[in-house]
There are 2 protein chains.
Amino acid sequence: MPKLIDHDAREIEVAEAAWRVLLRDGITKISVRNVAAEAGLATGSLRRSFPTQDSLLIFSLQLVQRRARDRILALEPGPTPRATAEACLMQLLPLDADRRVEMEVYHAMGSLALTSSALRPAYDQILADTRAACRVFLERLLRAGDLDAASLDLDRESAALHALVDGLALHLLAADPHDDGTHAARILSDYLDRLPGSTRA
Amino acid sequence: MPKLIDHDAREIEVAEAAWRVLLRDGITKISVRNVAAEAGLATGSLRRSFPTQDSLLIFSLQLVQRRARDRILALEPGPTPRATAEACLMQLLPLDADRRVEMEVYHAMGSLALTSSALRPAYDQILADTRAACRVFLERLLRAGDLDAASLDLDRESAALHALVDGLALHLLAADPHDDGTHAARILSDYLDRLPGSTRA
DNA sequence: TCCTTGTTTACACGGTTGTACTAACAAAGC
DNA sequence: GCTTTGTTAGTACAACCGTGTAAACAAGGA
């Protein structure tokens, strides 16, 4: 037997190399060759993990989702349900290097997914999961009595919160990198304050 | 003298061809060759209007901005300041074929601009102008007495409204095309209702 | 008629792309 | 020793890329 490879670990290494290429060189440079070089592999070796470029892009996008989800699930509950909700939502904003990488990959793949039937399901899944997460955050506030259930359409409010968070994230990506996210955090906080029945209105 | 060309009109024709390629074939296919073919030109002819690919992309993005701005400026005032504001904001959502094209181009160029120093200024300009427009919409509501000036930070509220609109637009792009935007319109309306001092709260 | 000039075409250059294929290699079992 | 087998490296293909150049063309002025 030759040197054995941990395929799961290898896939992650390659995906992270793809992230770096995407961040450093842009969406037009995510070629199999460039990613392989960044990962220190020959293209033939990379093709053992990812036989096609699409499979590489899909996995790279899915890894973004897994990382974000794991980070949110690992959060300690805050002093109040409201504080917990805000902390979770902040994980969806590019407020440090790791989250910025994830957001840029998510954003770039969104552009590709619009015309790639291979990439679309993975992208739609991220949208659906993030939407579901927003819904859960709101439900928790509801149960904690921080919101008024009667005047709140949960479907619509989840979509609204999701849109606000993604919009803030998008603008933070383009903003000058010295933005520490204080403004975005305040906007998010104000938004929650203004939901009907908010105990902090 | 040979056949004379209206260069301004030609630039627009080429840019719209670039839009079509981008929409139909995706961000990876906006090559000089593909755009020239879509416009019915030889690449050499296209290079007379746009000597480099960057100049073509920049103009195509700027044309998006001009179209959206012109459409908003051409709007008739609605029955109330609030109705006028909503109508303006709707122009920034992909609610028909034309606006969808503009939004997809805007979105795609955003991905490219993150690593293209040539494209960045044009993209940043769109962001700044849209932000300024959001601010104007809010100022009008303020002057009409529909909002409470004291408890409203205009900078922050402009950024928040901008983020919400761009987030809604982003999700409408990915949503199934049968979405007529009713949900997005309602979300936008609710958001304005909840601004401090709103007369429709 | 020829000339001038804006326009169009066709082709060339060096480089990159996704994917495929084949030979070399390294290490464990016999 | 040899074989087996997961892994790697290298190369090949046809297609496409951005850009450059130079020849062909068409139409109005002289």
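Fair warning: this is a prediction, and the values are worked out from it, not measured in the lab.

## Examining the interface of chain A and chain B
Here is step 1 of the chain: If you look at the interface, chain A gives 41 residues, while chain B gives 41 residues.
Here is step 2 of the chain: For the pair chain A and chain B, the two sides together bury roughly 3100 Å², of which 64% comes from carbon and sulfur.
Here is step 3 of the chain: If you sort the residues of chain A by the area they bury against chain B, A:Arg156, A:His171 and A:Arg194 come out on top, with a joint share of 22%.
Here is step 4 of the chain: The interface formed by chain A and chain B contains four salt bridges.

## Quick notes on the packing of aromatic side chains
Residues and elements named next belong to chain A.
Here is step 1 of the chain: Scanning all chains against the criterion turns up five aromatic pairs over all chains.
Here is step 2 of the chain: Ring plane angle 50 degrees and centroid distance 5.5 Å describe the contact between Phe50 and Phe59, whose orientation is recorded as tilted. The pair Phe50 / Phe59 is uniform in exposure class, with both members buried.
Here is step 3 of the chain: The interplanar angle of 20 degrees and the centroid separation of 5.5 Å between the aromatic rings of Tyr106 and Tyr123 together place this pair among those described as stacked. Pair noted here: Tyr106 is in helix 6 (residues 97-113) and Tyr123 is in helix 7 (residues 120-143), with a separation of 17 residues, a long-range link.

## As for the side chain of A:His107
Here is step 1 of the chain: Topologically, A:His107 is positioned in helix 6.
Here is step 2 of the chain: A relative accessible area of 6% places A:His107 in the buried class.
Here is step 3 of the chain: Side-chain polar atoms of A:His107 contact the side chain of B:His107, separated by 3.3 Å.
Here is step 4 of the chain: Setting aside residues up to four positions removed in sequence, A:His107 forms contacts with A:Leu170, A:Leu173, B:His107, B:Gly110, B:Ser111 and B:Leu114.

Rules and cut-offs
Note that residues are indexed from 1 along each chain, following the sequence as it is written. For naming, the first written chain is A and the first written ligand is 1, with later ones following in the order written. For a predicted model such as this one, the threshold for reporting local features is a pLDDT of at least 70, and the threshold for listing and counting side-chain atom pairs is 80 or more; totals across whole chains, interfaces and linings nevertheless cover every residue. Values reported for side chains reflect all heavy atoms of the structure, with hydrogen atoms and water molecules removed beforehand. Contacts are residue-level and defined by heavy atoms, with any inter-residue pair within 4.5 Å sufficient. Summed over both partners, buried area is the accessible surface (1.4 Å probe) that two parts give up on being assembled. Here, a salt bridge means any side-chain nitrogen of Lys or Arg that lies within 4 Å of a carboxyl oxygen of Asp or Glu. Stacked, edge-to-face and tilted labels apply to pairs of Phe, Tyr and Trp rings (six-membered ring for Trp) whose centres lie within 6.5 Å, assigned for plane angles under 30 degrees, over 60, and everything in between, in that order. To sort residues, take the accessible area from a 1.4 Å probe on protein chains only and compare it with the maximum for the residue type: under 20% means buried, over 50% means exposed, and anything in between is partly exposed. In this text, helices come from DSSP runs of H or I with a minimum length of four residues, and strands from runs of E with a minimum of two, each type numbered from the N-terminal end. Polar contact is the term for a pair of N or O atoms within 3.5 Å; when the atoms are in protein, one must be able to donate a hydrogen and the other to accept it, and sequence-neighboring residues count only if both atoms are side-chain atoms.

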